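# Reading the structure
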Amino acid sequence: MKPKQLKAVQLRRLRKIVDYAYRNVAMIKKRFDEAGVKPSSIKTLDDVSKIPFTVKTDLRDNYPLGLLAIPQNRLYELHASSGTTGKPIVVAYTRGDLNCWGRLMGRSFDVAGVRKGDVVQNMYGYGLFTGGLGFHYGAKAVGATVVPTSTGNTKRQLMLMKDLRTTVAACTPSYMVYLCEASRAEGYEPKRDFVLRVGLFGAEPWSEEARKRIEEVFGLRAHDIYGMSELYGPGVGVECDQRNGLHIWGDEFLVETIAPDTGEVLEPGKEGELVFTMLSREAMPLLRYRTRDLSRVFEEECACGRCHPRIQRIKGRSDDMLIVGGVNVFPSQVEHVLMNIQGLGDQYQIIVTRTDLDRLAVKVETTADRLNDPKLVKLINSDLLAVLGINADVELVELGSLPRSEVGKARRVVDLRPKG
Ligand code: DLL
């Protein structure tokens, strides 16, 4: 499509989805009414800036299914992702939504050069996380063979990678960097023993250095892929062969950047928070969803010939969300868990490290008599696991031993991972 055609499709779909969301989602109607905006106020693509934002806490406040635009019996699938406190955010799909998501993931695979005949080893987690099934649907959409290994069990991953002649690796970039070392430690010579051709890496920020390392060790071509559960999952955008930014699928997503503090819309090319409007989501339409991800949007045509706008690789976040081994963790979730356990002090610290893989440690203060209480450690660990979905190394420390800050906020998060 030429950019002009794409814009015409976007406008037609925008007007339709705004009207649909206004009529079917009570929260959206209320927000529009409060802002004095009517669906008919949206006449041009620029009018999108009149639409009130949706934020993550709106999803939490409407837990589990308060933002549905359709009767619940039309749902085909439900996923969940970290909320900011104890409850997750639930994302819902109709059959049409699932088809659309699968198509977008299929396109993303296609752009990265994945074809029928490829063997895709899907090392993203299967389950409530959107990574596993999102990649599964994408592989099926291009007619590739999918090997659903899910996360973990590195020895088996490597064995199957060799024996099944995996050509496409799909996992978090930090896990692939880990496999660079782990494969050699297990006695493999990566370029000789594996026939990997393409990698699709996302769910967390990564760097050009990580890309170089992965490509050198495995001799594959690594593509960055972006997405989030609220926006179906992975497959919102992907790098084409130029690898000069990630194409955002413009016929399904309208992307803007805003100043995180004021909400002001920024010119293309300026760094800001990404905001997405989903153009055809049936189950849970999301208008102007604030992602908290920081990036830039480029509208110039790409040398690959695609007209879909591009974003720069994600630079970071404008909130305090941590991504630990691809899993989203909000410090407020940890606090929520700790506050609900009897016998703990108010002070805690979250420490993130990376030696081979990411590790999360939580130190929490307690009284002297409970410092060596293994039952307490076990309880904290299992409650954290239930809420975060990952294991944390829990350490009980003496009351008064964690650093307090005299001014402003306590330094609750210490991220010791190498930058870049
Ligand atoms: O991480 C979806 C996904 C799965 C994307 C697999 C790519 C591959 P959530 O768990 O909801 O969904 O986390 C979304 O992860 O807001 C970003 O902060 C971060 N993120 C996702 N992709 C990238 C990327 C999935 N390519 C959150 N680069 C997003 C940097 C990314 N950060």
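Provided above is the structure to which this section pertains.
This write-up is about the structure you can find in this document. Per-chain numbering applies: the sequence of each chain, read as written, is numbered from 1 onward. Confidence filtering applies because this is a predicted model: local features only for residues at pLDDT of at least 70, side-chain atom pairs given and counted only at 80 or more, and all residues used for totals across whole chains, interfaces and linings. As a rule here, side-chain values cover all heavy atoms of the structure and leave hydrogens and water aside.

### Quick word on the overall build of the protein chain
Put simply, the rule reads: Only DSSP runs of H or I with at least four residues qualify as helices, and only runs of E with at least two residues qualify as strands; both kinds are numbered from the N terminus onward. Residue burial is assigned from relative accessible area. The probe radius is 1.4 Å, only protein chains are included, and a residue is buried under 20% of its type maximum, exposed over 50%, and partly exposed in between. Should any heavy atoms of two residues lie within 4.5 Å, those residues are counted as being in contact. The method behind every accessible area is Shrake-Rupley, applied with a 1.4 Å probe, and residues are considered shielded solely by the protein chains displayed. The sign given to each residue is positive for Lys and Arg and negative for Asp and Glu; His and the chain ends receive no count. Note on charges: their place is set at NZ of Lys, CZ of Arg, CG of Asp or CD of Glu.
Broken down by element type, the protein chain carries eleven helices and 21 strands. Along the longest, intermediate and shortest principal axes, the C-alpha atoms of the protein chain span 65 × 60 × 45 Å. When burial is assessed residue by residue, the protein chain has 54% of its 420 residues classed as buried. A sequence separation of at least 24 residues applies to 66% of the contacts in the protein chain between residues at least 6 apart. A total accessible area of about 19,100 Å² is found for the protein chain, and carbon and sulfur atoms account for 50% of it. Between the mean site of the 60 positive side-chain charges and the mean site of the 53 negative ones, the protein chain shows a separation of 5 Å.

### Re the site of the ligand
For the record, the criterion: Throughout, the term near means that a residue has one or more heavy atoms lying within 4 Å of the molecule or strand in question. By the criterion applied in these results, polar contacts are pairs of N or O atoms within 3.5 Å in which, for protein atoms, one can donate a hydrogen and the other can accept it, and in which residues neighboring in sequence qualify only through two side-chain atoms.
Contacts to the ligand come from 24 residues, most closely from Asp224, Ile225, Ser229, Asp293 and Asn328. Separating an oxygen atom of the ligand from a side-chain N or O atom of Ser229 is a distance of 2.7 Å. One of the side-chain nitrogen or oxygen atoms of Asn328 is found 2.9 Å away from an oxygen atom of the ligand. Expressed as a share of its isolated accessible area of 610 Å², the protein-covered part of the ligand is 98%. Elements represented by at least two residues in the shell around the ligand include exactly helix 5 (130–141) and strand 7 (221–228).

### A short note on the packing of helix 6 (residues 154–163) against helix 7 (residues 173–185)
Heads up, the condition is: Here, axes are lines fitted to C-alpha atoms. For helices the fit covers the stretch in contact, and angles between N-to-C directions go from 0 to 180 degrees. Each angle receives one of four descriptions, namely roughly parallel if under 35 degrees, roughly antiparallel if over 145, roughly perpendicular if within 65 to 115, and oblique otherwise. Asp, Glu, Lys and Arg are counted as charged, while Ala, Val, Leu, Ile, Met, Phe, Trp, Tyr, Cys and Pro are counted as nonpolar; the rest, among them Gly, fall into the polar class.
Between helix 6 and helix 7, the shortest axis-to-axis distance is 11 Å and the interhelical angle comes to 80°. Overall, the two elements helix 6 and helix 7 adopt an arrangement that is roughly perpendicular. Touching Thr154, Gln157, Leu158 and Met161 of helix 6 are Tyr175, Tyr178, Leu179, Ala182 and Ser183, all from helix 7. Class assignment of the residues belonging to the contact of helix 6 with helix 7 gives a composition of six nonpolar, three polar and no charged.

### Quick notes on the pattern of salt bridges
To keep things clear, this is the line we draw: The working definition used for a salt bridge is a side-chain nitrogen of Lys or Arg within 4 Å of a carboxyl oxygen of Asp or Glu.
For the structure shown, the criterion picks out 37 salt bridges. Across the pair Arg115 and Asp110 runs a salt bridge whose closest N-O atoms are separated by 3.0 Å. Assessed through its relative accessible area of 37%, Asp110 is described here as partly exposed. With its nearest N and O atoms 2.6 Å apart, the salt bridge here joins Arg313 to Glu208. Residue Arg313 is located in the loop between strand 14 (310–311) and strand 15 (316–317), and its partner Glu208 is located in helix 9 (residues 208–218); the two are separated by 105 residues in the primary sequence. You can call Arg313 buried: its relative accessible area is 19%. Residue classification places Glu208 among the partly exposed positions, given a relative accessible area of 38%. Salt bridges here are not isolated pairs; linked through shared partners, they connect Glu208, Arg211, Asp224, Glu239 and Arg313.

### Overview of the nonpolar core
Going by this rule: Here, nonpolar core refers to any group of buried Ala, Val, Leu, Ile, Met, Phe, Trp, Tyr and Cys residues whose side-chain atoms link them within 4.5 Å.
Phe109 and Phe253 are the most contacted members of the largest nonpolar core, which has 74 residues in total. Examining the composition of this core, we find that seven residues originate from one element, helix 4 (residues 95–111), more than from any other.

### Concerning the packing of aromatic side chains
Which entries qualify depends on this criterion: Only centres within 6.5 Å qualify two rings of Phe, Tyr or Trp (six-membered ring in Trp) as a pair; their planes then separate them into stacked at under 30 degrees, edge-to-face at over 60, and tilted for everything else. Comment: the charge-over-ring label is applied if NZ (Lys) or CZ (Arg) is within 6 Å of the ring centre and within 35 degrees of the ring normal.
The tally for this structure, following the rule as stated, stands at 13 aromatic pairs. Geometrically, the ring pair formed by Tyr188 and Phe194 is tilted, given 5.2 Å between the ring centres and 35° between the ring planes. As far as the burial class goes, Tyr188 and Phe194 line up, both buried. Centre to centre, the rings of Phe253 and Phe276 are 6.0 Å apart; their planes meet at 80°, and the pair counts as edge-to-face. With a gap of 23 residues between them, Phe253 in strand 10 (residues 253–258) and Phe276 in strand 11 (residues 272–278) connect regions that are remote in the sequence. Judged by relative accessible area, which is 1%, Phe253 ranks as buried. Looking at Phe276, the relative accessible area reads 0%, which means it is buried. A connected cluster of aromatic rings, assembled from ring pairs, spans Tyr93, Trp101, Tyr137, Tyr226, Tyr232, Phe253 and Phe276. Residue placement shows Arg107 over the ring face of Trp249; its charged tip is 4.9 Å from the ring centre. Just above the ring of Tyr93 sits the side chain of Arg281; from NZ or CZ to the centre is 5.5 Å.

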